[in-house]
Each structure stands twice: as structure tokens, then as C-alpha cells.
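Geometric and topological summary
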Amino acid sequence: MGFIDEIKAKAKADKKTIVLPESMDKRTYDAAEKILKEEIANIVIIGTPEEIKEYGEGYDISGATIVDPFNDPNKQKYIDKFVELRAKKGVTPEQAQEQMEKDYMYYACLMCKCGDADGVVSGACHSTGNTIRPALQLLKTKPGISSVSGFFLMEVPNCEFGENGLFVFADCAVMPEVNAEQMAEVAALSAESFSSFVGAEPKVALLSFSTMGSAKHDNVTKVQEAVKIAKEKYPEIALDGELQLDAALVPSVAELKAPGSKVAGHANTLVFPSLEAGNIGYKLVQRLAKANAYGPVLQGLSMPVNDLSRGCFADDIVGVVAMTAVQAQK
Ligand code: ACO
């Protein structure tokens, strides 16, 4: 069984309710039909009757719950919750209503916050920033977590590295600037994501262009500090750094550059030192090694919300919905 089939099986074992707010995109309906047919999750689509008719025609979504954001008996409850959550920002009921009607992502997050859904998948026709921002504002981080980050579960074909070609790469999606504390937290969240999705022990490498002090630069110092913080804060996690990518993955290089490290040469969870490196890195592996890249999956949020690539296919949405449902089971 491939990675995503295992995730679908896990999702089916304890079905969750996932909201798809992009009723203005045909791929939403294509994916919903497949999800309902395979019984991966219960589906809520947010849209007006006109949107559902225009974009959903021809797809069997009879098993989905349709929520019309202009005529929903629960709407006042969501407006009240929005105002309560954003009280410090001075959001009025009128502003809350306008925002929810203009941007269904807000509506979807409020459904989760009020216990009417377990997670959200969006981003087929919205940018990552616009997909993530409502979740950051309304759902916030898990207790004890300071920053949300985004990982890709990479499935690399014919690969002797990682866990039979499976890796977590992070942060590839969220934080344009990451400091040492945040990088240490990304390492811990990524380790948890790896063990929950892959079911094996995470071995976390904090990456740099330097291995164990081979280069001197502020960017290297940042990663060294992150390693120190992470080792102190999360002694139970197998992690090491700073490591270059080859030292992290290849045992013979690790022996030369990082002798004695338990992670070097065996890493399966790669923490990048910047969003540029992470985002470019996952796309390189996806395109050149023809890897499946599942994500970006957000980690650290109080409830699961996940983004899609705007170039995604309906099957990608199905996969991300299954991953979101599995996150909601935790
Ligand atoms: N973790 C937790 N909370 C956060 C984070 C974070 N990483 N970032 C921002 N926030 C909070 C802020 O504290 C703020 O809270 P408040 O409104 O209660 O005060 C709220 O989120 C909004 O923050 P802003 O800084 O006003 O929002 P911003 O416009 O900067 O949006 C965002 C944040 C969307 C994450 C931004 O940093 C961003 O655009 N990141 C890059 C996304 C991207 O383009 N990724 C690459 C493409 S993904 C791909 O290729 C698949």
C-alpha cells in the first residue's frame, strides 16, 4: 500500500467532517464526489445555490452538506464567535459578517471553532497567505506552541534514503523569517508530524550550508543555536545539526563530515533554515526526482487547516483531505 492509501484507510477508520470552502472551483466538486464515494470523510461545501449550480453541475455531491453563507441558521453563532475571538482587534458584527460572506475561509474556520466541523482544506484558487491568515487569526496555535509552520510529506520513488523514500520537509510554506527558537520548534513539530504520518522514529536534521562548524556565518550560527535550544528542550527527539544535506542523508558523507552523529546519514525529517530553502528544496525534489509532495500540511494550529497548490488536481485535494482528517483524529 502506498503512503496516501494508508492515510485514506486511517481516515476511513474514524470519519471526520472536513469543510471545502472553494465552491467557485470545479475541482472542489470533483474531489468531494471522490471523497464521499470512498467514504474518507464527511464533506461540507460552503456556497450559494447559484455557485453550487454553476460549478458543481454534473458531480454527485448528494452526500455532502451544503452551507449557504447567506442563509445559514447557524450564521449568527459564527458572527458572535468571530466578534468574541477578534474583540482585541475591535471587529464589529457588521465587519465579521462582511468578512465571512466575502471570504468563505473565515466561515469554514468559524465552523471548526464552533465544533460544527473538524478541519478545512482550501487553496486550489486562493494564495497560501489568504488561505492561512483566517486560520492564524481565528483558530490560533495549539497551547504551548508559538508559531505555525508548514511541511510536505515527500514520497520519493526508488530512494534508499529517509524511511524508504518518505521524508518530512519543513518549513516550506509559512514563515518568511525564522529565528533560532522558531527553527527549534519547527524541528519538534516536524518530528511529531513524521511519527504520526509515517509511523516510524523521526531523525531530524537541521540543515545549513555548513556541517558541524565547517563554515562561519551568522546564518550558520542561527542553526547552531536552534540545535542547542532543540536538544535542551526536546531531549527525547533524535536531532542534530548543523548539517549539509549530503551529510544528513548519505552515510558515507556523514562518516566524513559528522562522525559520531546518530542522525547524520540517516535523517528522515529535514528542517530548512529559511522559507526560500524549504520551498525551493521541496519543489526541486518534486520535479527532478518525480516525488509525490503532499502538503503543505500546517503544523502547530489548534485545529487542522491545510493549503493546496493552485496547480493541484482533484486527486491532490482528496489526499490532503485524508491527511487533514487524520490530523483531526489526534
Ligand atoms: N504562527 C502563528 N501565528 C502567526 C504566524 C505564524 N507563523 N504568522 C502570523 N501569525 C499571526 C499574527 O500574529 C497575527 O495575529 P493577530 O491578527 O491575532 O495579531 C495573524 O497571524 C496575522 O498576521 P499578519 O502578520 O498580519 O499576517 P500576514 O499578512 O503576515 O500573514 C502569513 C501571515 C500569511 C503566514 C504570511 O507570513 C505569509 O504570507 N507567508 C508566506 C506564505 C507563502 O507565500 N508561502 C509560500 C508558498 S506555499 C507553496 O509553495 C506550496
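Refer to the structure presented above.
Described below are features of the structure shown in this document. (Residues numbered from 1 in each chain as written. Predicted model: local features only at pLDDT ≥ 70, side-chain atom pairs only at ≥ 80, totals over all residues. Heavy atoms only, no water.)

Thoughts on the layout of surface pockets
So the rule is basically this: The pocket and cavity definitions rest on a 1 Å grid over protein atoms only: a 1.4 Å probe that fits but cannot leave marks a cavity, an open set with protein on both sides within 12 Å along at least five of seven lines marks a pocket, and residues lining either have an atom within 4 Å of a point. Grid points are joined across faces, edges and corners, and a volume is the space filled by probe spheres set on the points. Each residue is assigned to one of three groups, with Ala, Val, Leu, Ile, Met, Phe, Trp, Tyr, Cys and Pro labelled nonpolar, Asp, Glu, Lys and Arg labelled charged, and all others, Gly among them, labelled polar. Helix and strand definitions follow DSSP, with helices as H or I runs of at least four residues and strands as E runs of at least two, each counted in order from the N terminus. Each domain's extent was defined by an automatic or database domain assignment.
Of the voids in this model, the largest pocket is the one considered here, and its volume is about 780 Å³. Tyr-282, Gln-286, Ala-293, Gly-295 and Ser-309 are the residues nearest the centre of the largest pocket, which is lined by 36 residues in total. Considering only residue class, the lining of the largest pocket consists of 16 nonpolar, 11 polar and nine charged. Size it by volume and the second largest pocket reaches roughly 350 Å³. The wall of the second largest pocket is formed by 19 residues, among which Lys-142, Leu-301, Pro-304, Gln-327 and Lys-330 lie closest to the centre. Those elements that provide at least two residues to the lining of the second largest pocket are helix H8 (180-198), strand E10 (292-299) and helix H13 (314-329). The element that contributes the greatest number of residues to the lining of the second largest pocket is H8, accounting for five residues. Taken domain by domain, the lining of the second largest pocket gets at least three of its residues from each of domain 1 (3-140 + 301-329) and domain 2 (149-292).

Overview of the nonpolar core
Heads up, the condition is: The term nonpolar core refers to a set of buried residues drawn from Ala, Val, Leu, Ile, Met, Phe, Trp, Tyr and Cys, joined through side-chain atoms within 4.5 Å. Accessibility here uses a 1.4 Å probe with only protein chains present; expressed as a share of the type maximum, an area under 20% marks a residue as buried, one over 50% as exposed, and anything in between as partly exposed. Every residue pair with non-hydrogen atoms within 4.5 Å of one another is taken to be in contact.
Core analysis: the largest hydrophobic core is formed by 91 residues, its most contacted members being Leu-153 and Leu-206. Considering each element in turn, this core owes the most residues, 10 residues, to H8. Mapping this core onto the domain boundaries places at least three of its residues in each of domain 1 (3-140 + 301-329) and domain 2 (149-292). Once you skip the residues sitting within four places of it in the chain, Leu-206 turns out to touch Met-183, Ala-187, Val-223, Ala-226, Val-227, Leu-239, Asp-240, Gly-241, Glu-242, Leu-243 and Val-271. Listed in part, the 24 residues of the second largest apolar core include Phe-152, Cys-159, Ala-205 and Leu-243.

A short note on the environment of Ile-132
When you line up the elements, Ile-132 lands in helix H7 (residues 128-138). In this structure Ile-132 touches Ala-173, Val-174 and Leu-298, once residues within four positions along its chain are discounted.

Don't take any of this as a statement about function, it's just geometry.
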